[in-house]
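Take a look at the letters that make up each chain.
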Amino acid sequence: METIGTPFLWLVFGLVVLAALVADLVLMRHGGPHKVTFKEAAWWSLGWVALALAFNAWLWWEAGQRFGAAEGGRIGMEFLTGYLVEKALAVDNIFVFLMIFSYFAVPEMQRQRALVIGIIGAIVLRAILIFAGALLLSKFHWVLYLFGAFLLLTGIKMWRAAGEEPDLDRNPVLRWLTAHVPFVRRYVGSALWIGQGRRRKFTPLFIVIAMIGITDVIFAVDSIPAIFAITTDPFIVLTSNVFAVLGLRAMFFLLQGMADRFHLLPYGLALVLAFIGAKMLLIDLYKIPILLSLGAVAVIIGTTIALSLLRPKPGHAPPAP
């Protein structure tokens, strides 16, 4: 697998992510279980975005020193485009997380814990998927066409399903978990289980965390091929993915009261997937420039957000000025 990732770059990336996770966990534990306010979520969101952009700037500079300014600019743009795509597609995760929390009536005080554990699990599972995908692409170039066709079909399917409420009662994963995992039907503080050995029973919080992790992997099957359309370098794919996922917890609390205001966003995400799928299918005929891809994704997402705010969902009042 060809990659710009040297041992030094991997080390810096690992230390930055580890420090960020430790800081997040320490500050969360210091504050104790509490309801996250919009202001707190906004500051955390800005912090995660600033961290990603700072890493992007450093990577741009580092690559420029090694390969020249032009190549450094290309690598920097690939990271930024991948980050934007993953960040946009992560919004769909948020909507599903909201549904899961509502379905299981998760107390506000425990939502942070569930999200943090779910996100750490998601990072590990995404890393495995990314390296497996990069290995496949390095051996079989035609896999790009499979990814492209899959994303195009997924975009069409997402467009058709936009506006429909998913039915958790018919979710096969949830039905399997509740049928095979012994659990109690009440929350016991922040505990994931009670009892020991054969008497151990899991709390609903455990089921919620499992659903969050599984849901993220399902979404990763869409989003990871999308970033391979931008670059096949596993270092850029993984780093942009991880930085997008790191901000999921803050993004959740930022958007949880505003989900209905962005009712047209699923259509935008569907168009993004279809655009990236088409890009992969055309890659050997015409390689769409990174800057054009970045602009297209930004315009599609920005337009659907603006239209959502200008044309509120029926039955919902527009946001107060």
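Coordinates for the structure precede this section.
What this report covers is the structure whose coordinates are included nearby. (Residues numbered from 1 in each chain as written. Predicted model: local features only at pLDDT ≥ 70, side-chain atom pairs only at ≥ 80, totals over all residues. Heavy atoms only, no water.)

**Focus: the packing of aromatic side chains**
Under the convention used in this document: Pairing of aromatic side chains requires ring centres within 6.5 Å, counting the rings of Phe and Tyr and the six-membered ring of Trp. Pairs whose planes differ by under 30 degrees are stacked, by over 60 edge-to-face, and all others tilted. The helix and strand labels rest on DSSP assignments: H or I over at least four residues marks a helix, E over at least two residues marks a strand, and numbering proceeds from the N terminus. Think of it in three bands: residues with accessible area under 20% of the maximum for their type are buried, residues over 50% are exposed, and the middle band is partly exposed, with areas taken using a 1.4 Å probe on protein chains only.
What the rule picks out here adds up to 18 aromatic pairs. Plain terms: the ring middles of Trp10 and Phe131 are 6.0 Å apart, the flat faces sit at 40° to each other, and that makes the pair tilted. Taken together, the residues span a long stretch of sequence, with Trp10 in helix 1 (residues 7-31) and Phe131 in helix 4 (residues 111-139) at a distance of 121 residues. On the basis of relative accessibility, which here comes to 34%, the residue Phe131 falls in the partly exposed class. Three or more aromatic residues joined by ring pairs make a cluster, and in this case those are Phe8, Trp10, Phe13, Phe55, Trp58, Phe79, Tyr83, Phe131, Phe235 and Phe243.

**Looking at unusual backbone geometry**
The backbone of Ala105 shows a phi angle near 50°, a positive value even though the residue is not glycine. With respect to the secondary-structure elements, Ala105 resides in the loop between helix 3 (69-103) and helix 4.

**Here we look at the nonpolar core**
Selection criterion: Joining through side-chain atoms within 4.5 Å is the link that ties buried Ala, Val, Leu, Ile, Met, Phe, Trp, Tyr and Cys residues into a set, and such a set is a nonpolar core. The contact criterion used throughout is that any non-hydrogen atoms of two residues lie within 4.5 Å.
Among the nonpolar cores identified, the biggest contains 94 residues, and Phe13, Phe101, Val208, Phe228, Phe243, Leu246 and Phe252 are the most heavily contacted of them. The element contributing the most residues to this core is helix 3, with 17 residues. Beyond its immediate sequence surroundings of up to four residues, Phe243 is in contact with Phe13, Val16, Leu51, Ala52, Phe55, Phe79, Tyr83 and Lys87.

**Quick look at helix 9 (residues 248-255)**
Counting buried positions along helix 9 yields 7 of 8 residues, so the element is predominantly enclosed. Those residues of helix 9 not exposed but buried are Leu248, Arg249, Ala250, Met251, Phe252, Phe253 and Leu255.

**Some remarks on empty space enclosed by the protein**
To keep it simple, the criterion reads: Buried and open spaces are told apart on a 1 Å grid over the protein atoms alone, a cavity being a set of points where a 1.4 Å probe fits but cannot get out and a pocket being an open set with protein on both sides within 12 Å along at least five of seven lines. Residues with an atom within 4 Å of a point are the lining residues. Grid points are joined across faces, edges and corners, and a volume is the space filled by probe spheres set on the points. For this classification, the nonpolar set comprises Ala, Val, Leu, Ile, Met, Phe, Trp, Tyr, Cys and Pro, the charged set comprises Asp, Glu, Lys and Arg, and every other residue, Gly included, is treated as polar.
Summed over all chains, the structure comprises 4 cavities of 30 Å³ or more. One number sums up the size of the largest cavity: a volume of about 100 Å³. Along its surface, the largest cavity is lined by 16 residues, and Leu89, Ala90, Asn93, Phe219 and Ser223 are the ones closest to its centre. Among the secondary structure elements, those contributing two or more residues to the lining of the largest cavity are helix 3, helix 7 (204-228) and helix 8 (234-246). Per-element accounting of the lining of the largest cavity gives the leading share, 5 residues, to helix 3. Each residue belonging to the lining of the largest cavity can be placed in one class, and the counts come to 8 nonpolar, 3 polar and 5 charged. A volume near 60 Å³ is recorded for the second largest cavity. Contributing to the lining of the second largest cavity are Leu21, Asp24, Leu25, Val116, Ile119, Leu246 and Arg249. Breaking the lining of the second largest cavity down by element, the ones donating at least two residues are helix 1 and helix 4.

Purely geometric stuff here, so don't read any function into it on its own.
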